[in-house]
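Structural description and commentary
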Amino acid sequence: MNEFHYQKPFPVQGDDAKYRLLTADHVTAVERDGRTILQVAREGLELLAREAITDVSFYLRASHLAQVAAILDDPEASDNDKFVAHTMLLNQVVAAGGELPTCQDTGTAIVIAKKGEDVYTGVDDDEALSKGIRDAYRDRNLRYSQVVPLTMFEERNTGNNLPAQIDIHAARGNHYEFLFLTKGGGSANKTFLYQQTKALLTEENLDRFIREKVMDLGTSACPPYHLAIVIGGASAEACLSTVKKASAGYLDRLPARGNDGGQAFRDLQWEARVLQICREKGVGAQFGGKHWVHDVRVIRLPRHAASCPVGIGVSCSADRNIKAKITPEGIFLEELEKNPARFLPANAPLLAPAVNIDLDQPMKQILRELSKHPVKTRLNLNGTLVVARDIAHARLKAMIDEGKPLPDYFKKHPVYYAGPAKTPAGMPSGSFGPTTAGRMDSYVDLFQRHGASLVMVAKGNRSRAVAEACARNGGFYLGSIGGPAAILDKESIKSVRVIDFEELGMEAVREIRVENFPAFIIVDDKGNDFFDNPAAR
């Protein structure tokens, strides 16, 4: 007899997060027909969303920072691993001052919630949460990144970072639970779905698949990563939703085995195996080494017999995830680390010295100096950079298409792909880290043939076409550390001025002066690309 038995799909056991009380206001418990109804005022939802987005933009979890600090104590970590880890800790000390956010891409606001059946708000919860999110982006030095389509091809920035993604699910009881995320474009873009079959589900085939597909992650999402791999799912979207939650640590307390009801579980053996695979790849914390990922979650889900979706995704070095809850006792928010300086070592790691590069000498001399050094060489850049990213590149290409010459600034100076957050009072700019280089790959050969983009600075790996263009045209791609945008602004960026396309706001072309701006040679003028075989370098 086929008896009915309901299995909770994600039987997460307990919650080890520490919470702080925001307020006991805006929450009232009322007895009705033997049930305790939790009444939550609109103001409470607005307050919670505003404080959650604010905290997660400037502070990170202590557990994450402890993992970063552990890289400095690892005798197997490379110099580049340690340099990146130390820079990220210094960055978090700056961000914790509450002026410069951890990363310049302050993300898409995402809210995942479970609303108990005995929670009553009497308002549109999506609207109230959106109001709080808007207030955080308006009132703090956060970047507006959301664009909306007016037609199929015409878009504009909303100017408030809305809309947010808000998913509210029904639950039992009188508690309201939340996970807030601010997902930057770099890490969001490194979410992959692979539609596989039963044939994948052998030890040999799964191992081969993971070894191949993890390389799709590259470094443009700012490692070290919290990596999540989900195998199975009732649908493609169920698989990818699980990836997002798992990368945020939201499903850490799943059981370690499956059952006849189809409960989700973590496979701890495969987590250890994938961690070792990632270490052996040699990518490291962006520029070679061991620490490409901090940890791995491998979650197995039930599936349709004809389908086997596999999702892979990450939470990046700006691990911006925070839990919250509303109970009869009040409104609570997960405690993030307010004193990241305690994770800094007493002394900075002893590393080989960087090569100083004067960016204000003629371009031919910059190229000649860079040509002396192999890929993976660490540099200190000093002088002038021109900042341009997606829309500016499209406009510059349109000038070529129309038969117009490129501006002299684009030929005279290296180009930095970036877009700053809002500028705090008394500072030259807001957080100003690099954006993903790969989005500009299609422009490289064309621009280099016109004497521009001969030295490019950004984050992440690039296509083979970029290495081939650099070999043909004598160019270089320099990798900047993805993630630590606050300390770049405080320590390295000395002045900023808009020089073209001012109407583009964050996407305008800027000229910046930098001192001791860290970068690494990733692609050289001989066509060598560090990412072709990082483990061998």
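My aim in this report is to walk through the structure given alongside it, one point at a time. Everything numeric here is computed off the predicted structure, so don't read it as measured data. (Residues numbered from 1 in each chain as written. Predicted model: local features only at pLDDT ≥ 70, side-chain atom pairs only at ≥ 80, totals over all residues. Heavy atoms only, no water.)

The number of helices and strands found in the protein chain is 14 helices and 23 strands. Taking 537 residues into account, the globule formula puts the C-alpha radius of gyration at 24 Å, and the protein chain, at 24 Å, falls close to it. Expressed along its principal axes, the backbone C-alpha trace of the protein chain runs to roughly 80 × 55 × 55 Å. Per-residue burial for the protein chain yields a buried fraction of 56% across its 537 residues. In the protein chain, of all internal contacts separated by at least 6 residues, the share reaching a separation of at least 24 is 78%. Only carbon and sulfur atoms are counted for the fraction: they give 48% of the accessible area of the protein chain, which is about 22,600 Å². Mean positive and mean negative side-chain charge positions of the protein chain (66 and 68 charges, respectively) differ by 3 Å. (Helix = DSSP H or I, 4+ residues; strand = E, 2+ residues; numbered from the N terminus. Rg over C-alpha atoms; globule rule 2.2 N^0.38 Å. Buried < 20%, exposed > 50% of the residue type's maximum accessible area, 1.4 Å probe, protein only. Contact = heavy atoms within 4.5 Å. Areas by Shrake-Rupley, 256 points an atom, 1.4 Å probe, with all protein chains shown as cover. Lys, Arg positive; Asp, Glu negative; His and termini not counted. Charge placed at Lys NZ, Arg CZ, Asp CG, Glu CD.)

The next subject is helix 14 (residues 485–492). Taking burial as the measure, the eight residues of helix 14 include six buried ones, the bulk of the element. The elements touched by buried residues of helix 14 are helix 3 (79–95), strand 19 (415–416), strand 22 (493–500) and strand 23 (509–523).

Where strands meet in a sheet, backbone hydrogen bonds hold them as pairs that are either parallel or antiparallel. Within the open sheet, the six strands sit side by side as 1-16-15-9-4-8. Their pairing is mixed. Strands with a single pairing partner mark the edges of an open sheet, and in this sheet they are strand 1 (19–23) and strand 8 (165–171). Here the average twist between neighbouring strands, direction ignored, is 20 degrees. The strands that helix 1 (residues 42–58) touches are strand 1, strand 4 (108–116), strand 9 (176–183), strand 15 (321–327) and strand 16 (330–334); relative to strand 9, the one it contacts most, it runs at about 40 degrees. (Pairing = 2+ DSSP bridges. Axes fitted to C-alpha atoms, helices over the stretch in contact; angles between N-to-C directions.)

The next thing to look at is the pattern of salt bridges. Inspection of the entire model under this criterion finds 42 salt bridges. A salt bridge links Glu46 to Arg42; its shortest N-O distance comes to 2.6 Å. Taken as a pair, Glu46 and Arg42 lie in helix 1 at a separation of four residues, close to a single helical turn. Taking the relative accessible area as the measure of exposure, Glu46 reaches 14% and is therefore buried. Among the salt bridges present, the one from Arg297 reaches Asp252, with a minimum N-O distance of 2.7 Å. Placement of the pair is Arg297 in strand 13 (residues 293–303) and Asp252 in the loop between helix 7 (236–247) and strand 12 (265–266), with a sequence separation of 45 residues. Taking the relative accessible area as the measure of exposure, Asp252 reaches 27% and is therefore partly exposed. Put simply, Arg42, Glu46, Glu127, Lys131, Arg134, Asp135, Arg138 and Asp139 are held in one network by salt bridges that share partners. (Salt bridge = Lys/Arg side-chain N within 4 Å of Asp/Glu carboxyl O.)

This paragraph deals with the nonpolar core. By size, the foremost hydrophobic cluster in this structure holds 104 residues, and its most contacted members are Leu227, Tyr416 and Leu478. With sequence-adjacent residues up to four places away left out, Leu478 is seen in contact with Leu370, Leu379, Leu381, Val455, Met456, Val457, Ala458, Ala519, Phe520, Ile521 and Ile522. (Core = buried A, V, L, I, M, F, W, Y, C linked by side-chain atoms within 4.5 Å.)

Turning our eyes to something else, we now look at the packing of helix 3 against helix 14. Two numbers describe how helix 3 lies on helix 14: the axes approach to 7 Å, and their chain directions differ by 80 degrees. Judged by the angle between their axes, helix 3 and helix 14 are roughly perpendicular. Between helix 3 and helix 14, the residues in contact are Thr87, Leu90, Asn91, Val94 and Ala95 and Ala485, Ala486, Ile487 and Lys490, respectively. When the residues that make up the contact of helix 3 with helix 14 are grouped by side-chain class, the tally is six nonpolar, two polar and one charged. (Parallel < 35°, antiparallel > 145°, perpendicular 65-115°, else oblique. Nonpolar A, V, L, I, M, F, W, Y, C, P; charged D, E, K, R; others polar.)

For the rest of this paragraph, the subject is the pairing of strand 14 (residues 308–315). Across the eight residues of strand 14, eight count as buried, placing the element largely inside the fold. Along strand 14, one buried face is formed by Cys308, Val310, Ile312 and Val314 and the opposite face, lined by Pro309, Gly311, Gly313 and Ser315, is buried too. Across six bridges, strand 11 (residues 225–233) lies against strand 14 in antiparallel orientation. For Ile229, the partnering residue across the bridge sits in strand 14 and is Ile312.

Our next topic: the sheet that holds strand 2 (residues 27–32). The three strands lie next to each other as 2-3-5, forming an open sheet whose pairing is mixed. The outermost strands of the open sheet, each flanked by one partner alone, are strand 2 and strand 5 (119–120). Here strand 3 (residues 35–40) pairs with strand 5 via two bridges, running parallel. Bridge pairing in strand 5 links Gln39 to Tyr120.

A separate point is the state of the cysteines. By the definition in use, this model includes zero disulfides. Here Cys103 stays free of any disulfide, with the sulfur of Cys222 as its closest cysteine sulfur at 5.9 Å. According to the relative accessible area criterion, Cys103 is buried, its value standing at 8%. For the unlinked cysteine Cys222, the closest cysteine sulfur is that of Cys316, found at 5.4 Å. (Disulfide = S-S within 2.5 Å.)

On to the layout of surface pockets. Put simply, the largest pocket is a space of about 1,500 Å³. Of all the secondary-structure elements, those providing two or more residues to the lining of the largest pocket are helix 2 (62–72), strand 4, strand 8, strand 9, helix 7, strand 13 and strand 15. The biggest single contributor to the lining of the largest pocket is strand 15, with five residues. A per-class count over the lining of the largest pocket returns 16 nonpolar, 11 polar and 20 charged. As a volume, the second largest pocket reaches approximately 960 Å³. What lines the second largest pocket is a set of 46 residues, among which Arg143, Ser145, Gln146, Arg389 and Met506 lie closest to the centre. Looking at the lining of the second largest pocket, the elements that each hand over two or more residues are strand 4, strand 7 (155–157), helix 5 (185–188), helix 7, strand 14 and helix 10 (390–401). Top contributing element to the lining of the second largest pocket by residue count: helix 7, with five residues. Of the residues that constitute the lining of the second largest pocket, the class distribution is 14 nonpolar, 17 polar and 15 charged. (1 Å grid on protein atoms, 1.4 Å probe; cavity = no way out; pocket = protein on both sides within 12 Å on 5 of 7 lines; lining within 4 Å. Points joined across faces, edges and corners; volume = space filled by probe spheres on them.)

Bringing the side chain of Ser317 into the picture now. Here Ser317 is to be found in the loop between strand 14 and strand 15. Overall, Ser317 belongs to the buried group, its relative accessible area being 8%. When residues no more than four places from it in sequence are discounted, the contact partners of Ser317 are Leu60, His64, Met88, Cys222, Pro223, Pro224, Gly482 and Gly483.

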